[in-house]
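# Descriptive analysis of the structure
Chain residues, written in single-letter form:
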Amino acid sequence: MVIMMEKEATESQIEHVIEFLDERGFSVHRSTGVEHIVLGVIGDVSKLDIRDLKVLPGVADAYRISVPYKMASRQFQHEKTIIKVGDVEIGGDEVVVIAGPCSVEYKDQVMIIAEHVAHAGVKILRGGAFKPRTSPYSFQGLGEEGLKILREAADKFGLLVITEVMDKDQIGMVSEYADIIQVGARNMQNFSFIRALGKAEKPVFLKRGIAATIEEWLMSAEYILSGGNKNVMLCERGIRTFETYTRNTLDLSAIPVVKKLSHLPIFADPSHGTGIRNKVIPMARAAIAAGADGIMVEVHHDPEHALSDGAQSLYPDQFAELMDQIRVIAEVIGRKIADKRDSE
Ligand code: PEP
Ligand code: MN
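Values in this document were obtained by computation on a predicted structure and should not be read as measured data. (Residues numbered from 1 in each chain as written. Chains lettered and ligands numbered in written order. Predicted model: local features only at pLDDT ≥ 70, side-chain atom pairs only at ≥ 80, totals over all residues. Heavy atoms only, no water.)

## Concerning the overall build of the protein
When helices and strands are counted, the protein shows 11 helices and 14 strands. In summary, the protein has a C-alpha radius of gyration of 21 Å against a globular reference of 20 Å for 344 residues, a match within 12%. When the backbone C-alpha atoms are referred to their principal axes, the protein occupies close to 65 × 45 × 40 Å. Taken over 344 residues, the protein has a buried fraction of 55%. (Helix = DSSP H or I, 4+ residues; strand = E, 2+ residues; numbered from the N terminus. Rg over C-alpha atoms; globule rule 2.2 N^0.38 Å. Buried < 20%, exposed > 50% of the residue type's maximum accessible area, 1.4 Å probe, protein only.)

In structure tokens:
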């Protein structure tokens, strides 16, 4: 249930409404909009008579929301969420590009790739140090050593770091090196983990589960938001369908759907979404055209020798060309993408 306070509602009226709900065992999340204070009521609201709320002083309106997620919904917060990380704004006018290798393999690899993507205009470097691999025999990542490499490369080229955390025990350690915590598709419904992320100090990049509906995905975001971490961004990375010509089916229609249902920023990952290098560029362009707040793209200087996902990694030159193309697309829809950096 959502309660919208009158524009002129006083602090004591707001507090009275909160107390009213508190006495009945509900928890309340308060959000400050441009015009109104909105209170989200969490708990079994079927027991509440909505009229009792509507008549409280200072209440403009109260309504039940039919969607099961509250804090992630547009009803709860009409204005889009803008997440500031360093000097990067995610969810604002700028379309943010995240790029880098699938896995951190060795220092020179990350240095070379970071330099290329930084010059192409990227502000956030990706790279997995803890890798969720289908096979226990595949490369599992360098762990903390990989985090150190990522941080060093990012600092050298003025980038932020995003990397995956696989387990709640890793949150503290990874937070020391990374600016954004990535939740992998396979972990989207690891509830004890995502609940713990509600207490994390870093923004969370929540990838859509391989077989998750949009509602399930937003419910996962709700776990993190209701735990106290308001900085959640979503990423469509392809879902499993009956199609076999691509690794996954990149559900770009999720972008406008999520934008209507939620205020959270939404990214697309055409690399995992298609799994094939020459499909990544067209789908990246399409994601920007569909209104994504950003894209995540895998880039490797030597993809034939990559320890994971080489087949879907762009060569640096291809990536630079993609950046030039999406700058044009972003402009057409009234957005922008950071300029290329001059070579030093
Ligand atoms: C990744 O980004 O490298 C990754 C493993 O992604 P996903 O969780 O979407 O498969
Ligand atoms: Mn990958």
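So, next bit.
## Concerning the sheet that holds strand β4 (residues 59-63)
With antiparallel pairing, the 4 strands of this open sheet are ordered in space as β2-β3-β1-β4. The sheet is open, and its two edges are formed by β2 (27-32) and β4, each paired on a single side. Sheet twist, expressed as the average angle between the axes of neighbouring strands with direction ignored, equals 20°. (Pairing = 2+ DSSP bridges. Axes fitted to C-alpha atoms, helices over the stretch in contact; angles between N-to-C directions.)

## Remarks on the packing of aromatic side chains
One pass over the structure, following the stated rule, counts 2 aromatic pairs. Aromatic pair Phe191 and Tyr223: ring centres 4.9 Å apart, planes at 25°, arrangement stacked. Within this pair, whereas Phe191 is found in helix α6 (residues 191-197), its partner Tyr223 is found in helix α7 (residues 214-226), the two being separated by 32 residues in sequence. Aromatic pair Phe205 and Phe267: ring centres 5.1 Å apart, planes at 70°, arrangement edge-to-face. Of this pair, Phe205 sits in strand β11 (residues 204-207) while Phe267 sits in strand β13 (residues 266-268), placing them 62 residues apart in sequence. In this arrangement the basic side chain of Arg24 is found over the ring face of Phe20, its NZ or CZ atom lying 3.6 Å from the centre. (Phe/Tyr/Trp six-rings, centres within 6.5 Å; stacked < 30°, edge-to-face > 60°. Lys NZ or Arg CZ within 6 Å of the ring centre and 35° of its normal.)

## Considering the site of ligand 1
What surrounds ligand 1 is a group of 13 residues, the closest being Arg126, Gln182, Ala185, Arg186 and Arg237. A distance of 2.9 Å separates an oxygen atom of ligand 1 from a polar side-chain atom of Lys131. Arg186 places a polar side-chain atom, nitrogen or oxygen, 2.9 Å from an oxygen atom of ligand 1. The fraction of the free accessible surface of ligand 1 (300 Å²) that becomes covered by protein chains is 97%. A majority-of-atoms criterion places ligand 1 in the largest pocket. The residue makeup of the shell around ligand 1, split by class, is 3 nonpolar, 3 polar and 7 charged. (Near = heavy atom within 4 Å. Polar contact = N/O pair within 3.5 Å; in protein donor to acceptor, adjacent residues only side chain to side chain. Areas by Shrake-Rupley, 256 points an atom, 1.4 Å probe, with all protein chains shown as cover. 1 Å grid on protein atoms, 1.4 Å probe; cavity = no way out; pocket = protein on both sides within 12 Å on 5 of 7 lines; lining within 4 Å. Sits in = over half its atoms within 2 Å of the grid points. Nonpolar A, V, L, I, M, F, W, Y, C, P; charged D, E, K, R; others polar.)

## A word on empty space enclosed by the protein
Tallied over the entire structure, the rule returns 2 cavities of 30 Å³ or more. What the largest cavity holds in volume is close to 40 Å³. Together, Val88, Glu94, Val95, Val96, Val97, Gly121, Lys123, Met323, Ile337 and Ala338 line the largest cavity. Broken down by class, the residue content of the lining of the largest cavity amounts to 7 nonpolar, 1 polar and 2 charged. Of the pockets and cavities examined, the second largest cavity occupies roughly 30 Å³. Forming the walls of the second largest cavity are Arg74, Lys80, Thr81, Gly91, Lys259, Ser262, His263, Leu264, Pro265 and Asp293. Split into classes, the residues belonging to the lining of the second largest cavity amount to 2 nonpolar, 4 polar and 4 charged. (Points joined across faces, edges and corners; volume = space filled by probe spheres on them.)

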